[in-house]
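Here is what each chain is made of, one letter per residue.
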Amino acid sequence: MVGPGLYPEIGKKARDLLYRDYQTDHKFTLTTYTSNGVAITATSTKKADLIYAVMPSAPFFVLIASIFGQVVTTVTVDELTPGLKSILSFAVPDQRSGKFEVQYSHDYAGVSASIGLTANPVVNLSSVFGTKALAVGADVSLDTATGNLTKYNAGLSFTNDDLIASLNLNNKGDSLTASYYHIVNHSATAVGAELTHSFSSNENSLTFGTQHTLDPLTVVKARFNNSGKASALLQHEWRPKSVWTISAEVDTKAIDKSSKVGRWVQRPSCSLSMNGCGAAGDLGAVAGDLPRCFFSARAPLPDWPTLAIAGAGGAGSSNGNGAGGVGGEQRQRPVEYNELEESSVLATTIAWDDSLSWTWQNAVKELQSTLQKISSSPIKVNNSTLQTTIVNLNHVPTKASWDLAVTKALQMIKGKQRELVKVVLARCSRYITDTCLDPVELLACLKVEGQNAYQFCIQPPDAPAFVGNSMICDDVVVHPSKALRKLPRVQHLSAQLAARIRNEDDEFDILNTLHPSPAVCGLPTEEARQFIQDYEIFDRGMYAGPVGWFGGAESEFAVGIRSALLGKGHSTLVYAGAGIVEGTNPSFEWDELDLKASQFAKLLQYQEQHICLQEAENMGTVI
Ligand SMILES: C=C(O[C@H]1C=CC=C(C(=O)O)[C@@H]1O)C(=O)O
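Residues numbered from 1 in each chain as written. Predicted model: local features only at pLDDT ≥ 70, side-chain atom pairs only at ≥ 80, totals over all residues. Heavy atoms only, no water.

Draft legend 1. Inspection of the pairing of strand 26 (residues 483-486) at higher detail. Bridge count between strand 26 and strand 27 (residues 491-494): 4 bridges; the pairing is antiparallel. Counterpart to A483 in the pairing with strand 27 is S494. What sits between the antiparallel neighbours strand 26 and strand 27 is a turn of 4 residues. (Pairing = 2+ DSSP bridges. Helix = DSSP H or I, 4+ residues; strand = E, 2+ residues; numbered from the N terminus.)

Below you can see the structure in the form of structure tokens.
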């Protein structure tokens, strides 16, 4: 850090020591570094009903869906000129939260200015003056829509070798925070404290804590506050940039209440969404306590008389409950629903580790409580019609923009350099219907679309549901010779590839290598990815990303195409893509998009067809 740093750094050391990583929510961070130094970070934090147990050596299961909760995407371009950095960030589903920020650091000043990417943006300006030892700063936000100052804070900090003291006036002057951070005797131990006084409520809050670095990869922390909450955490970097955190919190004033325990893992460099900016779409959230996740796997569910909500949680360990799958082999699925003659069985796999706090008893207790929630809310699924009508439809891109993008792709494919061979361009169509759609009913209706479809529904709590009817291969692994595969609307050339995985192979790495495949991105991958980034004008979100689960002994993923995102209200986004190669005709490809989207579209038109049929019947006409 040069000079006094930026405003958020005032008091940051103490705040990090006292608050960072203590949350018991599930958290997942992915960071992707592109070749030109741009870091793309997606962070997802959400309260989960169950806390996932993820163990490096034991069988484990992480629902990939868990990364698609509230996602904050930040793109940082460092050092445009010495000391200058620009940042573009947005939180999805609310992409209106996007902002552009410029930071400038100098020996005696640090200035940061940001502006929201909306018509009436919020403008934020902060500056710090001083030296590394003594800094004074202010932070102001102006809402240009109302002309009001929405924030004005001020701060002062004093830093020497092993001690940082700071004073912050926050909340428009309503609260004063004094904080202190101290490295004890140049050792691996640091202590910190923070005292906040609120002038309006006349309340004080005091938190103090300590942190000890056990070895370069392991840190323990503990803290206590004046409302009686005691917390501790253990953090270990088990491989580069991958951190395990186990944290616990006890309310000493209500010791009989169960304590909270959380664990999470951060993984690096895993681009799970097509172009690395995985947004969950721009639809409103759907309220609901339980995450809903469903993967139909290679053996689709026999039927859908009742819905089993797959609670996203409990973690996979072999307990023999994995139902028989392809060829009778024992398969573990996170949640499995089977219709038998006289009863139905809902089987789930769980994991535990008695040497940690996530014991067998805990795992069973959580499972039982989830099952109780599930069994108290069975829904009869209507799998014949959706009884809804499309009231509005628009496509992004429009046909004209599509033609332009395809023409541009063809120029590049035929161009002198001939670097691009194939690029897959996509379309996102927003259907407004006259009723709200239930994602599971939609999937149930889609089932007729193909016995071999891989059906999925991923719906974290309070988030839109991502559903799809993707393709899968046949049961038997054959030579990688291509065969024609006919589906109800389209046909594909398909081939199966089989490989033996080495012990050291990691399923995250395998997935990272396979995604994005030429079927959703193009060839060569980097050129196609760049073209999509430059010319595709909507955010793919989860569309075309891998969907499935990691199961320790087994993982299962399909490509999230033939998919849609269902949000709160009456809005559904339907995605479709097509590969552009030499000789492609833009209009034919547009028709192909219509064809691919029609599996959803025809279900949304129920009433129109129904009315037509009725009218026809009334008129005695046979259609
Ligand atoms: C990207 C999609 O399809 C890809 C997968 C198979 C066949 C494709 C095609 O026919 O062009 C696409 O590459 C989609 O359906 O959204």
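Draft legend 2. Highlighting the pattern of salt bridges. For the structure on display, the rule yields 8 salt bridges. The partner of R20 in a salt bridge is D16, with the nearest N and O atoms 4.0 Å apart. R20 sits in the partly exposed class, given a relative accessible area of 47%. Note that E592 and K596 form a salt bridge whose closest N and O atoms lie 2.9 Å from each other. Of this pair, E592 and K596 both sit in helix 7 (residues 586-604), 4 residues apart, which is roughly one turn of that helix. Residue E592 is classed as partly exposed on the basis of its relative accessible area of 25%. Since its relative accessible area comes to 10%, K596 is described here as buried. In the salt-bridge network here, residues are joined through shared partners; they are K12, D16 and R20. (Salt bridge = Lys/Arg side-chain N within 4 Å of Asp/Glu carboxyl O. Buried < 20%, exposed > 50% of the residue type's maximum accessible area, 1.4 Å probe, protein only.)

Draft legend 3. Structural detail: the site of the ligand. Close to the ligand lie 13 residues; A519, Y543, R562, G577 and G579 are nearest. In this structure, an oxygen atom belonging to the ligand sits 2.6 Å away from a side-chain N or O atom of Y543. At 2.8 Å, a backbone N or O of G577 approaches an oxygen atom of the ligand. Within the complex, the protein chains bury 86% of what would otherwise be the 390 Å² of accessible surface of the ligand. Every element with two or more residues in the shell around the ligand is listed here: strand 23 (422-433), strand 32 (571-580) and helix 7. In terms of residue count, strand 32 provides more of the shell around the ligand than any other element does, 4 residues in total. Its residues assigned to classes, the shell around the ligand shows 6 nonpolar, 3 polar and 4 charged. (Near = heavy atom within 4 Å. Polar contact = N/O pair within 3.5 Å; in protein donor to acceptor, adjacent residues only side chain to side chain. Areas by Shrake-Rupley, 256 points an atom, 1.4 Å probe, with all protein chains shown as cover. Nonpolar A, V, L, I, M, F, W, Y, C, P; charged D, E, K, R; others polar.)

Draft legend 4. Region of the structure containing the packing of aromatic side chains. Enumeration over the complete set of coordinates arrives at 6 aromatic pairs. The rings of F538, Y543 and Y575 are connected pair by pair, giving a single aromatic cluster. Its end group placed over the ring of W590, R427 keeps NZ or CZ at 4.5 Å from the ring centre. (Phe/Tyr/Trp six-rings, centres within 6.5 Å; stacked < 30°, edge-to-face > 60°. Lys NZ or Arg CZ within 6 Å of the ring centre and 35° of its normal.)

Draft legend 5. Molecular detail of helix 4 (residues 439-446). The buried fraction of helix 4 amounts to 8 of the 8 residues, a majority that puts the element mostly inside the structure. Where helix 4 begins, the side chain of D438 points an oxygen toward the backbone nitrogen of V440, at a separation of 2.8 Å.

Draft legend 6. View of a nonpolar patch on the surface. Taken together, the side chains of F129, L134, V136, L156, F158, L167, L169, L176 and F199 define a hydrophobic patch exposed on the protein surface, amounting to about 780 Å² of accessible area. Broken down by secondary-structure element, the contributors of at least two residues to the nonpolar patch are strand 9 (134-143), strand 10 (148-160) and strand 11 (163-170). Structurally, F199 is set in the loop between strand 13 (189-198) and strand 14 (203-215). According to the relative accessible area criterion, F199 is partly exposed, its value standing at 45%. (Patch = residues over 30% accessible without salt bridge, like charges linked within 9 Å, V, L, I, M, F, W, Y side chains within 5 Å.)

Draft legend 7. View of the side chain of T433. Mapped onto the elements of the fold, T433 is located in strand 23. Among the residues examined, T433 registers a relative accessible area of 1% and is labelled buried. Apart from residues lying up to four places away in sequence, T433 is in contact with T388, T389, I390, V391, H570 and L604. (Contact = heavy atoms within 4.5 Å.)

Draft legend 8. Seen up close, the confidence of the model for the protein chain. On average, residues of the protein chain score 70 in pLDDT, and 60% of them reach the 70 mark or higher. With pLDDT under 50 throughout, residues 89-97 is counted as low confidence; its partners more than four residues away or in other chains account for 30 contacts. Interface scoring of the predicted complex returns ipTM 0.96; its pTM is 0.49. (pLDDT = per-residue confidence, 0-100.)

Draft legend 9. How the structure looks around the packing of helix 3 (residues 399-414) against helix 7. Where helix 3 meets helix 7, the axes come as close as 9 Å, and the angle between the chain directions of the two elements is 125°. When the interaxial angle is binned, helix 3 and helix 7 end up oblique. Handedness of the crossing formed by helix 3 with helix 7: right-handed. Of the residues in helix 7, those in contact with K399, W402, D403, V406 and T407 of helix 3 are P586, S587, E589, W590 and L593. Looking at the contact of helix 3 with helix 7 residue by residue, the classes come out as 5 nonpolar, 2 polar and 3 charged. (Axes fitted to C-alpha atoms, helices over the stretch in contact; angles between N-to-C directions. Parallel < 35°, antiparallel > 145°, perpendicular 65-115°, else oblique. Left-handed = near helix turned anticlockwise from the far one by under 90°.)

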